[in-house]
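Chain and residue survey
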Amino acid sequence: MDEPLVQPISRQGVVDALVARLRADVLAERYPPGAYLPPERDLAARYGVTRTSLKHALVRLVETGLLETRHGVGTRVRDYKRDAGADLLPFLVAEAGPDWLAEIFQARREIGALVAAAAAEHATAAQREHLRTLVDDVRAAPTTDVAQQAECAVHRTLAAACRNRVYALLVNSLLRAYDEVRHLFAAPFADPVAAAARLAGLVAAVAAGDRRAAHAAAEAYYVETERLMLAQPAE
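As a convention, each chain's residues are numbered from 1 in the sequence order in which they are written. Totals for whole chains, interfaces and linings use every residue, but because this is a predicted model, local features are given only for residues with pLDDT of at least 70 and side-chain atom pairs only at 80 or more, for both listing and counting. To get the side-chain values, all heavy atoms of the structure are used, and hydrogens and water are removed first.

Brief notes about the side chain of His155
To keep it simple, the criterion reads: Runs of H or I in DSSP of at least four residues are treated as helices and runs of E of at least two as strands, each being numbered from the N terminus. Contact definition: two residues touch when any of their heavy atoms are within 4.5 Å.
Relative to the assigned elements, His155 resides in helix α7 (residues 144–161). Setting aside residues no more than four positions away along its own chain, His155 makes contact with Val171, Leu175, Tyr221 and Tyr222.

The following block contains the structure:
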């Protein structure tokens with residue numbers, strides 16, 4: 001196995017930096033699935049850190065499911081595609097975004113439509129009103145970034161309203177993945193008034209309690225914003 005070429009890590013935030021570096025190397029398969037990492041002494045020297053810092057970093061990566069430690073044997077790289085959960089998405093986007101975009105957009109459309117339909121059925125009066133307020137916040141946003149953040153708040157409110165905690169956790173993971181590269185997908189929010197107009201139909205369907213209409217409105221919204229994010233021509 002070829003050894004990764006690495007630069008020593010600065011002392012500031014050494015464990016966080018080491019976690020990020022090791023995670024990137026694992027996700028890039030510089031340490032392939034099933035392989036054992038080099039002995040701790042060698043690995044610490046390779047990254048220019050102490051063995052204590054390395055141990056702390058390895059514990060955190062074991063907790064994420066990227067590594068597993070076997071007593072008396074060593075630290076083995078797990079197959080994240082088989083073993084990891086959605087909480088790994090933000091890091092996958094950060095390390096290999098283009099490879100994951102199509103599947104993330106597909107999940108966004110399909111999960112988002114199910115969440116909207118469930119929210120139409122279960123949202124409280126306060127949540128419905130909050131959704132309307134968030135559309136106003138998008139419309140009045142002074143910058144693209146503020147409009148994006150207000151739109152993300154809409155999705156978090158829909159997830160909270162759908163009364164399915166698994167959906168809510170999946171939405172959280174997708175939003176965290178999106179947040180890592182949000183600046184690359186600002187096109188739908190360059191005109192906050194137009195962004196709010198697109199969002200208004202979805203919110204209106206949810207507020208009306210129409211499950212079927214909310215599902216359809218969500219699908220239409222996600223397809224249109226995806227087109228704008230990817231700068232595809234309208235049909």
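Topic: the nonpolar core
Rules: Within this scheme, the nonpolar core is defined by two criteria: the residues are buried Ala, Val, Leu, Ile, Met, Phe, Trp, Tyr or Cys, and they are joined through side-chain atoms within 4.5 Å. Classification of residues uses two cut-offs on accessible area relative to the type maximum, computed with a 1.4 Å probe and protein chains only: under 20% is buried, over 50% is exposed, and between them is partly exposed.
With 70 residues, the main nonpolar core has Leu22 and Leu202 as its most contacted residues. For this core, the leading source of residues is helix α5 (residues 89–122), giving twelve residues. Aside from chain neighbours lying at most four places away, what touches Leu22 is Tyr31, Leu43, Tyr47, Leu54, Ala57, Leu58 and Leu61.

Points about the side chain of Arg108
The following threshold applies: His is not counted, nor are the chain ends, whereas Lys and Arg count as positive and Asp and Glu as negative. Throughout this description, the term salt bridge denotes a Lys or Arg side-chain nitrogen within 4 Å of a carboxyl oxygen of Asp or Glu.
Relative to the assigned elements, Arg108 resides in helix α5. An unpaired buried charge is present at Arg108: no salt bridge exists, and Glu151, the closest side chain of opposite charge, is 4.3 Å distant. Excluding anything up to four places from it in sequence, Arg108 contacts Glu151, Leu174, Tyr222, Thr225, Glu226 and Met229.

A word on the pairing of strand β2 (residues 74–77)
Consecutive side chains of a regular strand alternate in pointing toward one face of the sheet and then the other. Stated formally: Here, strands pair whenever DSSP counts at least two bridges between them.
Pairing between strand β1 (residues 67–70) and β2: four bridges, direction antiparallel. Residue Arg70 lies in a different strand from β2, and its bridge partner there is Gly74.

A look at the pattern of salt bridges
For the structure on display, the rule yields 14 salt bridges. Taking the shortest distance from any N to any O, the salt bridge between Glu40 and Arg51 comes out at 3.7 Å. A residue pair is termed long-range when its members are at least 10 positions apart, and Glu40 in helix α2 (residues 40–47) and Arg51 in helix α3 (residues 51–64) qualify at eleven residues. Accessibility expressed as a relative area gives 36% for Arg51, which makes it partly exposed. For Asp145, the salt bridge identified is with Arg182, shortest N-O distance 2.6 Å. Within this pair, whereas Asp145 is found in helix α7, its partner Arg182 is found in the loop between α8 (165–180) and α9 (192–207), the two being separated by 37 residues in sequence. On the accessibility criterion, Asp145 (32% relative accessible area) is partly exposed. Three or more residues are tied together by salt bridges with common partners; here these are Glu40, Arg51 and Lys55.

These figures capture arrangement, not role.
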